[in-house]
Amino acid sequence: MLKTNPLCSTLSSMGLLFFATLTSSTAIASEKLCAIYPHLKDSYWLSVNYGMVLAAQRLNVELRVLEAGGYPNVTKQQQQLQQCRQWGAQAILLGTVDSHAFYDDLQRWSGEVPVFATVNQLVLDEHQRPQLKGSVGVDWYWMGYQAGRYLATKHPAGSGVVQAALLLGPSNRGGTKPVEQGFNAAVQDSDVKVMVHLSADNDKELQRNLVQQVIETQTVDYIVGSAVAIEAAISELRSSGKSQQIGLVSTYLSHGVYRGLLRHKVEFAPTDQMVKQGRLSVEQAVQFLRSAPYKQTLSPDIQPLTPDTLEVSTIEDSLSPSAYRPTFHVKAVESQP
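Below is a short write-up of the structure.

Procedures and definitions
- Residues numbered from 1 in each chain as written.
- Predicted model: local features only at pLDDT ≥ 70, side-chain atom pairs only at ≥ 80, totals over all residues.
- Heavy atoms only, no water.
- Pairing = 2+ DSSP bridges.
- Helix = DSSP H or I, 4+ residues; strand = E, 2+ residues; numbered from the N terminus.
- Contact = heavy atoms within 4.5 Å.
- Axes fitted to C-alpha atoms, helices over the stretch in contact; angles between N-to-C directions.
- Buried < 20%, exposed > 50% of the residue type's maximum accessible area, 1.4 Å probe, protein only.
- Expected span 1.5 Å × (residues − 1).
- Phe/Tyr/Trp six-rings, centres within 6.5 Å; stacked < 30°, edge-to-face > 60°.
- Salt bridge = Lys/Arg side-chain N within 4 Å of Asp/Glu carboxyl O.
- Polar contact = N/O pair within 3.5 Å; in protein donor to acceptor, adjacent residues only side chain to side chain.

## Focus: the sheet that holds strand β13 (residues 329-330)
Inference 1: Strands sit in the order β11-β5-β4-β3-β1-β2-β13 across an open sheet of seven strands; the sheet is mixed. Each edge of the open sheet is held by one strand with a lone partner, namely β11 (297-298) and β13.
Inference 2: As judged from the two bridges shared by strand β2 (residues 62-67) and β13, these two strands associate in the antiparallel manner. By the bridge assignment for β13, Leu63 is matched with Val330.
Inference 3: Here helix α2 (residues 43-59) sits on the sheet and contacts β1 (32-37), β2, β3 (91-94), β4 (115-118) and β13; the angle it forms with β1, its principal contact strand, is near 175°.
Inference 4: In the packing of helix α3 (residues 74-87) onto the sheet, contacts are made with β1, β2, β3 and β13, and the angle to β1 comes to roughly 170°.

Right under this line is the structure:
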């Protein structure tokens, strides 16, 4: 994920002034944006999609959305970059499946179309870097750190050892590695000990299998995992009668994790405000295309959530409405000068 300072999240006052001109009812807007996601298997990227759709409708731009079907699918994302070019995209919002996937060949797939990294960090060599015009996201090291700090505060050194299983998602893809590094750093001097670390793509059945493996073969006090893993763990712990024995900590927020927080089935989850990230990604690209001042790096604050700290505004900036379904095409409305 993006190596950015989580505190530099707002547009400058000058940028806001120029941004106001973007929403003018008299403006003729026909920009074409193409967004590419790693997948839409969980509500994280669904919420990013919702934010993008809101911004595209408000700014009156055309938005096309493609999804790769999972983090292993680098080849499919290469093809989708070409599809965006062929469609006539004026900017590509890329949620890459691998931060180094296009390190030395981005232009081979995207041509001269400007690219904006969304959510996931995009690492490029010096020849490809000029094509990257902006990025929106947080450093997922701090997502893992927040989860670890919650447990370290609850179980400081000398309080009694507790054992945790980590089910963070796909190995070395997405934010798994920085999340693990942040978590380990946070619990280093505490009584939280990692007993097992299992990896799989963020697929519901794959993560359910890992949860079952932990429950059946390990003695742990906590499962710390991706939202997909934690959603699976809620039901698996209930059916196995272990809901009171094993605590659940998620490394990011989803609709299922939010319901778990509301019902005190999940103890903690950080949110990087996915809806807001989707909005910011579209706004950033549109400002670039309309030659308005914009910040090249935007990063919402990471908000820690427990059952007692679920503020409405934070949830609205994080999760799409429960009835929302993926939107793959937003058309611009023709307007008169």
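## Quick notes on the pairing of strand β9 (residues 247-250)
Inference 1: A two-sided burial pattern is seen for β9, the buried positions comprising Gly247 and Val249 on one face and Leu248 and Ser250 on the other.
Inference 2: Relative to β9, strand β8 (residues 222-225) is paired through four bridges, and the arrangement is parallel. Counted as the bridge partner of Val224 is Val249 from β9.

## Brief notes about the sheet that holds strand β6 (residues 162-167)
Inference 1: Spatially, the four strands line up as an open sheet ordered β7-β6-β8-β9, and their pairing is parallel. Two strands in the sheet have a free side with no partner beyond their single neighbour: β7 (192-197) and β9. Across this sheet, the average inter-strand angle for adjacent strands is 30°, counted without regard to direction.
Inference 2: With five bridges connecting them, β6 and β7 associate as parallel partners. Among the inter-strand pairings, Ala165 is bridged to a residue of β7, identified as Val196.
Inference 3: Here helix α5 (residues 140-154) sits on the sheet and contacts β7, β8 and β9; the angle it forms with β9, its principal contact strand, is near 145°.
Inference 4: Packed onto the sheet, helix α6 (residues 176-187) meets β6, β7 and β8 and runs at close to 150° relative to β7.

## Examining helix α10 (residues 274-289)
Inference 1: Spanning 16 residues, α10 covers 23 Å between terminal C-alpha atoms, matching the ideal 22 Å at 1.5 Å per step.
Inference 2: Within α10, 12 of the 16 residues are buried, which leaves the element mostly enclosed by the surrounding structure.
Inference 3: Every buried residue of α10 is listed here: Met274, Val275, Gln277, Gly278, Leu280, Ser281, Val282, Glu283, Gln284, Ala285, Val286 and Gln287.
Inference 4: Note on α10: the residue one or two positions beyond its end, Ser291, has a positive phi of about 55°.

## Brief notes about the packing of aromatic side chains
Inference 1: All told, the structure shown has 12 aromatic pairs when counted by the stated rule.
Inference 2: An angle of 55° between the planes, with centres 5.5 Å apart, marks the rings of Trp140 and Tyr252 as tilted. Of this pair, Trp140 sits in helix α5 while Tyr252 is found in the loop between β9 and α9 (255-262), placing the two residues 112 residues apart along the sequence.
Inference 3: The class for Tyr252 is buried, based on a relative accessible area of 5%.

## A closer look at the pattern of salt bridges
Inference 1: Per the counting criterion, the structure on display carries eight salt bridges.
Inference 2: Notably, a salt bridge pairs Glu283 with Arg58, separated by 2.5 Å at the nearest N-O pair. With a gap of 225 residues between them, Glu283 in helix α10 and Arg58 in helix α2 connect regions that are remote in the sequence.
Inference 3: Here Glu283 falls in the buried class, since its relative accessible area comes to 8%.
Inference 4: With a relative accessible area of 37%, Arg58 lands in the partly exposed category.
Inference 5: Taking the shortest distance from any N to any O, the salt bridge between Arg208 and Glu236 comes out at 3.0 Å. Remark: Glu236 occurs in helix α8 (residues 227-240) and Arg208 occurs in helix α7 (residues 204-217); sequence separation between them is 28 residues.
Inference 6: Since its relative accessible area comes to 14%, Glu236 is described here as buried.
Inference 7: A single salt-bridge network, built from bridges that share partners, covers Glu205, Arg208 and Glu236.

## As for the pairing of β8
Here is the key point about a regular strand: its side chains alternate between the two faces of the sheet.
Inference 1: Residues Tyr222 and Val224 of β8 are buried on one face, and the alternating residues Ile223 and Gly225, pointing to the opposite face, are buried as well.
Inference 2: Note: β6 against β8, four bridges, orientation parallel. Pairing of Leu167 across the sheet is with Gly225, part of β8.

## As for the side chain of Ser254
Inference 1: With respect to the helices and strands, Ser254 occurs in the loop between β9 and α9.
Inference 2: The exposure class of Ser254 is buried, given its relative accessible area of 0%.
Inference 3: Polar contacts involving the side chain of Ser254 include one to the side chain of Glu231, which spans 2.4 Å.
Inference 4: If near-sequence neighbours (up to four positions away) are discounted, Ser254 is found in contact with Ser43, Ala227, Glu231 and Leu319.

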